[in-house]
Amino acid sequence: IPNSELKNYFVDEKNKIYNFEKMGAIFVSVRLGVSSIQTEYFNSIKKLFDCKQFLGFIGGKVNSASYFIGYSDDDLLYLDPHYNQDSITSLDEQNLMTYFDKIVYKLPFNSLQCAFTIGFLFRDLKEFRELYVFLKLFILDKLPIFHVHFGNTKEHKIIK
């Protein structure tokens, strides 16, 4: 059955059919080395930002976790998620803006700590298919930062 005819199913290249009903998220924790990351991994990290379903990653700094949202040349761009303030009972536009950090920080790739967690989000079957294709190509890269096994998923048979 061609993918275009399926509403809640995903068919892989081996014609296995997988049920798909809800949006989902995938988180991958990685450790690339003991104390520092080899420079050969930097291109693989940069490639993740090409994926529309990529949420960024958290961690990557000594004794702190930051939220990395992009890169510019040899610097990672990140937000500091540790800004705290008192809660309020009613929220208007002026108060809402106080909850957003207005500073984007830079961290050189070679200062990135070796452990962090990567996030992906797919909202529907189309986005899942796009992520699936991206990951299939990603793991073929020269030195991917993680590998994906595309098995052990519950199979379904379509009954007409």
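Here the structure is a predicted model, which is why all the values come from computation and not from measurement.

> Which parts of the structure should I look at to understand helix α3 (residues 125-138)?
Turn by turn, an α-helix covers 3.6 residues, leaving residues three or four places apart pointing in a common direction. Here α3 is 14 residues long and its end C-alpha atoms lie 20 Å apart, about the 20 Å a rise of 1.5 Å per residue gives. Within α3, burial applies to Leu125, Glu127, Phe128, Leu131, Tyr132, Phe134, Leu135 and Phe138. Of the residues flanking the start of α3, the one acting as N-cap is Asp124, its side-chain oxygen 3.2 Å from the backbone nitrogen of Lys126.

> Whenever I open this one, the pairing of strand β4 (residues 54-61) confuses me. Can you help?
Side-chain positions along a regular strand alternate between the two faces of the sheet. Pairing geometry for β4 and strand β8 (residues 115-122), over five bridges, is antiparallel. Residue Phe57 lies in a different strand from β8, and its bridge partner there is Ile118. Alignment of β4 against strand β5 (residues 64-72), held across five bridges, turns out to be antiparallel. Residue pairing in the sheet places Lys61 in a bridge with Ser64 of β5.

> Can you walk me through the environment of Ile118 in this structure?
With respect to the helices, strands and loops of the structure, Ile118 is situated in strand β8. Taking relative accessible area as the criterion, Ile118 reaches 0% and is therefore assigned buried.

> What exactly am I supposed to notice about the packing of aromatic side chains here?
Describing an aromatic ring pair means giving the distance of the ring centres and the angle of the ring planes. All told, the structure shown has 15 aromatic pairs when counted by the stated rule. Taken together, a centroid distance of 4.6 Å and an interplanar angle of 40° make the contact between Phe57 and Phe116 tilted. In this pair, Phe57 is assigned in strand β4 and Phe116 in strand β8, connecting sequence segments 59 residues apart. The exposure class of Phe57 is buried, given its relative accessible area of 1%. Measuring from centroid to centroid gives 5.2 Å for Phe68 and Tyr78, while their planes differ by 45°, and the two rings are tilted. Here Phe68 is found in strand β5, whereas its partner Tyr78 is found in strand β6 (residues 75-79), with 10 residues between them in sequence. Owing to a relative accessible area of 0%, Phe68 belongs among the buried residues under this scheme.

> Can you help me understand the pattern of salt bridges in this one?
Evaluated as defined, the whole model comprises five salt bridges. Through salt bridges that share partners, Lys52, Lys126 and Glu130 make up one connected network.

> When you look at unusual backbone geometry in this model, what are you seeing that I'm missing?
Most peptide bonds adopt trans geometry, and most residues besides glycine take a negative phi value. The residue Asp73 is not glycine, and still its phi comes out positive at about 55°. Its location among the elements puts Asp73 in the loop between β5 and β6.

> Could you clarify how one ought to interpret the nonpolar core in this entry?
Side chains of a nonpolar character, in soluble globular proteins, are inclined to be buried together. Core analysis: the largest hydrophobic core is formed by 30 residues, its most contacted members being Phe57, Phe116, Ile118, Ile145 and Phe146. Contributing elements (two or more residues each) for this core: β3 (24-31), α1 (42-48), β4, β6, β8 and α3. Setting aside residues up to four positions removed in sequence, Phe146 forms contacts with Val28, Val30, Leu48, Ile118, Phe120, Leu135, Phe138 and Ile139.

Cut-offs applied
Residues numbered from 1 in each chain as written. Predicted model: local features only at pLDDT ≥ 70, side-chain atom pairs only at ≥ 80, totals over all residues. Heavy atoms only, no water. Helix = DSSP H or I, 4+ residues; strand = E, 2+ residues; numbered from the N terminus. Expected span 1.5 Å × (residues − 1). Buried < 20%, exposed > 50% of the residue type's maximum accessible area, 1.4 Å probe, protein only. Polar contact = N/O pair within 3.5 Å; in protein donor to acceptor, adjacent residues only side chain to side chain. Pairing = 2+ DSSP bridges. Phe/Tyr/Trp six-rings, centres within 6.5 Å; stacked < 30°, edge-to-face > 60°. Salt bridge = Lys/Arg side-chain N within 4 Å of Asp/Glu carboxyl O. Core = buried A, V, L, I, M, F, W, Y, C linked by side-chain atoms within 4.5 Å. Contact = heavy atoms within 4.5 Å.

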